[in-house]
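Understanding the architecture of this molecule
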Amino acid sequence: MKKVIFVCLGNICRSPMAEAMFRELVRKKGLEDKIIVDSAGTGNWHEGCPPHEGTRKILDTYGVDGAGLIARQIRKQDLEDFDYIIGMDSENVKNIKNLGRLPESAVVARLLDFVEDSKTKDVPDPYFTGDFNETYDLVKRGCEALLREVESKLQ
Ligand code: 4NP
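Presented here is a report on the structure given in the accompanying data block. (Residues numbered from 1 in each chain as written. Predicted model: local features only at pLDDT ≥ 70, side-chain atom pairs only at ≥ 80, totals over all residues. Heavy atoms only, no water.)

**Topic: a nonpolar patch on the surface**
Judged by side-chain polarity, Leu 9, Trp 45, Tyr 127 and Phe 128 come together as a nonpolar surface patch covering roughly 490 Å² of accessible area. Mapped onto the fold, Leu 9 is located in the loop between β1 (2–8) and α1 (14–28). (Patch = residues over 30% accessible without salt bridge, like charges linked within 9 Å, V, L, I, M, F, W, Y side chains within 5 Å. Areas by Shrake-Rupley, 256 points an atom, 1.4 Å probe, with all protein chains shown as cover. Salt bridge = Lys/Arg side-chain N within 4 Å of Asp/Glu carboxyl O. Helix = DSSP H or I, 4+ residues; strand = E, 2+ residues; numbered from the N terminus.)

**Some remarks on helix α4 (residues 90–99)**
Taken residue by residue, α4 has Asn 92, Val 93 and Ile 96 as its buried positions. Projected down its long axis, α4 carries its buried residues within an arc of 100°, all on one side. Buried residues along α4 sit in contact with β1, α1, α3 (76–81), β3 (84–87) and β4 (107–110). Backbone nitrogen of Glu 91 and a side-chain oxygen of the N-cap are separated by 3.1 Å at the start of α4; the cap is Asp 89. (Buried < 20%, exposed > 50% of the residue type's maximum accessible area, 1.4 Å probe, protein only. Arc of directions from axis to C-beta. Contact = heavy atoms within 4.5 Å. Polar contact = N/O pair within 3.5 Å; in protein donor to acceptor, adjacent residues only side chain to side chain.)

Here it is, written out as structure tokens:
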């Protein structure tokens, strides 16, 4: 069993997109019982809210199930509970590390660190860029690469 949490700033644009897309990939591989997926934000402004309309639309466009996504803020306990704590950008990773002590076994990285040839390592925030297509393409590549990594570590 491996547990993966995606983390961005507000938990309404990038990390819920990654959660839904990664869960879909996990489901397609029949690994739902072996890989748990969640997401959270480092900020608390959108606690209890569904994803941004742009994220909901792009998930719909690509037929990815985005039902049940509700924003929440990351908690210290998440650092203990998850094996992979995946930030969307460097700022997210910095904030995750400032939350508290991390177990030695935890992997904390940016999503695009798993994509060797990615020109950018930070997933642009469509809350500010307005470009949900660009973010979707990068998140897709990141999720595919991350799943290969997580799968290789399953017992
Ligand atoms: P996200 O985008 O971190 O990808 O969910 C943001 C959403 C909301 C805000 C910032 C970023 N905000 O400042 O409210």
